[in-house]
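For reference, the chains in residue letters:
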Amino acid sequence: MIRLLCTLTLGAMAAVTVAGQDDPPANPEMSVNDLMITIVTPATDTLWGIEDPQTAEDWQVFVDAADVVIDAGRTMKNGGTGPNDAGWAADPAWQALTDALIGAGRDARQAAVNQDIEAMYAAGEVLYPPCEECHLQFHPGFREQ
Ligand code: HEC
C-alpha cells in the first residue's frame, strides 16, 4: 500500500520506470481481497467512468489510475497475506491473468498520456475480461463484476 502510494507521488517518469521494469514488490503486506477492494476497484472505476477530460490535469487522473492498476497487478503476482494468496500466486493461470490486467493497465496509461478518448474506451474493454475470468476461476460465486 505504501509502495503503491509512493509510486504515485514519484510522478509520471518514475512511474513508467517503476511500473514497467522493476520486479514485483516482494511480500505485499495486504491480502489480495483488500487489494481488490481498496485499490483495484477504485482505480478501475475511475478508468471505466471516464467522461470528457479536457485539460492535462483532467487526463492526469487517468494516467494515475492506470499506474495504480499496473502496480496492483504487479503486486498480485506475489499474492499477499490472505489465506489462499500464496497458492493463487503459484498458479500459472493466475500469473497469466495478472499479466493481462497489467497489459490493459498499460494500454490505458498510454491512451491517457496520448489524451485519446477512443483508445481509453478500448483499453477499458480489454481491462474487464481478466477481472471476470479470474473471478470465475479463483473466486467462484462472486458475480457482481
Ligand atoms: C488474477 C486474478 C484476479 C484478477 C485479474 C482480478 N481479481 Fe478481483 N479478486 C480475485 C480474487 C481471488 C478475489 C477474492 C479474494 C479472497 O476472497 O480472498 C477477488 C475479489 C475481488 C473483489 C471483492 C469481492 C468480494 O467478494 O467482496 C472485488 C471488488 C474485485 N475482486 C474486483 C476486481 C476488478 C474490478 C478486477 C479487474 C479490474 C479484478 N478484481 C481483477 C482475483 C482477481
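This text follows the structure it describes.
Residues numbered from 1 in each chain as written. Predicted model: local features only at pLDDT ≥ 70, side-chain atom pairs only at ≥ 80, totals over all residues.

Enquirer: Before we go on, may I ask you to explain the overall build of the protein in this structure?
Expert: On a plain count of helices and strands, the protein comes out with seven helices and zero strands. For the protein, with 145 residues in total, the buried portion stands at 34%. For the protein, the proportion of contacts with a sequence separation of at least 24, taken over those separated by at least 6, is 69%. (Helix = DSSP H or I, 4+ residues; strand = E, 2+ residues; numbered from the N terminus. Buried ≥ 20, exposed ≤ 12 C-beta atoms within 10 Å, placed from the backbone. Contact = placed C-beta atoms within 7 Å.)

Enquirer: Honestly, the environment of Trp 88 in this entry has me stumped. Any pointers?
Expert: Locating Trp 88 in the fold gives a position in helix 5 (residues 85-89). Separated by ten residues in the primary sequence, Trp 88 and Asn 78 have C-alpha atoms spaced 8.9 Å apart.

Enquirer: What am I meant to see in unusual backbone geometry here?
Expert: At Gln 115, a residue that is not glycine, the phi angle is positive and equals roughly 55 degrees. Structurally, Gln 115 can be placed in the loop between helix 6 (92-113) and helix 7 (117-138). Residue class for Gln 115 comes out partly exposed when judged on the 16 C-beta atoms lying within 10 Å of it.

Enquirer: Would you mind showing me how to read the site of the ligand here?
Expert: By nearness alone, 25 residues border the ligand, and Asn 33, Met 36, Leu 97, Cys 131 and Cys 134 come closest of all. Taken together, the elements giving at least two residues each to the shell around the ligand come down to helix 3 (32-48), helix 6 and helix 7. (Near = placed C-beta within 6 Å.)

Enquirer: It is not clear to me how the packing of helix 4 (residues 56-76) against helix 6 should be interpreted in this structure. Could you clarify?
Expert: Angle between the axes and distance between the axes: these two values describe a pair of packed helices. Running from N to C, helix 4 and helix 6 cross one another at 165 degrees; their axes reach a closest spacing of 8 Å. Considering the angle they form, helix 4 stands roughly antiparallel to helix 6. The interaxial crossing formed by helix 4 with helix 6 has left-handed handedness. Here Trp 59, Phe 62, Val 63, Ala 66, Asp 67, Val 69, Ile 70, Gly 73, Arg 74 and Met 76 of helix 4 lie close against helix 6, whose contacting residues are Thr 98, Leu 101, Ile 102, Gly 105, Arg 106, Ala 108, Arg 109, Ala 112 and Val 113. A per-class count over the contact of helix 4 with helix 6 returns twelve nonpolar, three polar and four charged. (Axes fitted to C-alpha atoms, helices over the stretch in contact; angles between N-to-C directions. Parallel < 35°, antiparallel > 145°, perpendicular 65-115°, else oblique. Left-handed = near helix turned anticlockwise from the far one by under 90°. Nonpolar A, V, L, I, M, F, W, Y, C, P; charged D, E, K, R; others polar.)

Enquirer: For this particular structure, what's the right way to read helix 7?
Expert: Along an α-helix, residues three or four apart share an orientation, since each turn contains 3.6 residues. Taking 1.5 Å of rise per residue, the 22 residues of helix 7 would be expected to cover 32 Å, and the 32 Å separating its terminal C-alpha atoms lies within 8% of that figure. Residues of helix 7 that are buried include every one of Met 120, Ala 123, Leu 127, Pro 130, Cys 131 and Cys 134, and no others. Taken around the axis of helix 7, the buried residues stretch over an arc of 100 degrees, which confines them to a single face. Exposed positions of helix 7 whose direction lies more than 90 degrees from the buried face are Glu 118, Glu 125 and Leu 136. Its buried side turned inward, helix 7 meets helix 3, helix 4 and helix 6. (Expected span 1.5 Å × (residues − 1). Arc of directions from axis to C-beta.)

Enquirer: What is the right way to look at the packing of helix 3 against helix 4 in this model?
Expert: Two elements in contact, helix 3 and helix 4, have axes separated by 9 Å at closest approach and are oriented at 155 degrees. In terms of orientation, helix 3 lies roughly antiparallel with respect to helix 4. Here helix 3 and helix 4 pass one another in a crossing that is left-handed. Residue-level contacts link Val 32, Leu 35, Ile 39, Val 40, Ala 43, Thr 44, Thr 46 and Leu 47 of helix 3 to Val 61, Phe 62, Ala 65, Ala 66, Val 68, Val 69, Ala 72, Thr 75 and Met 76 of helix 4.

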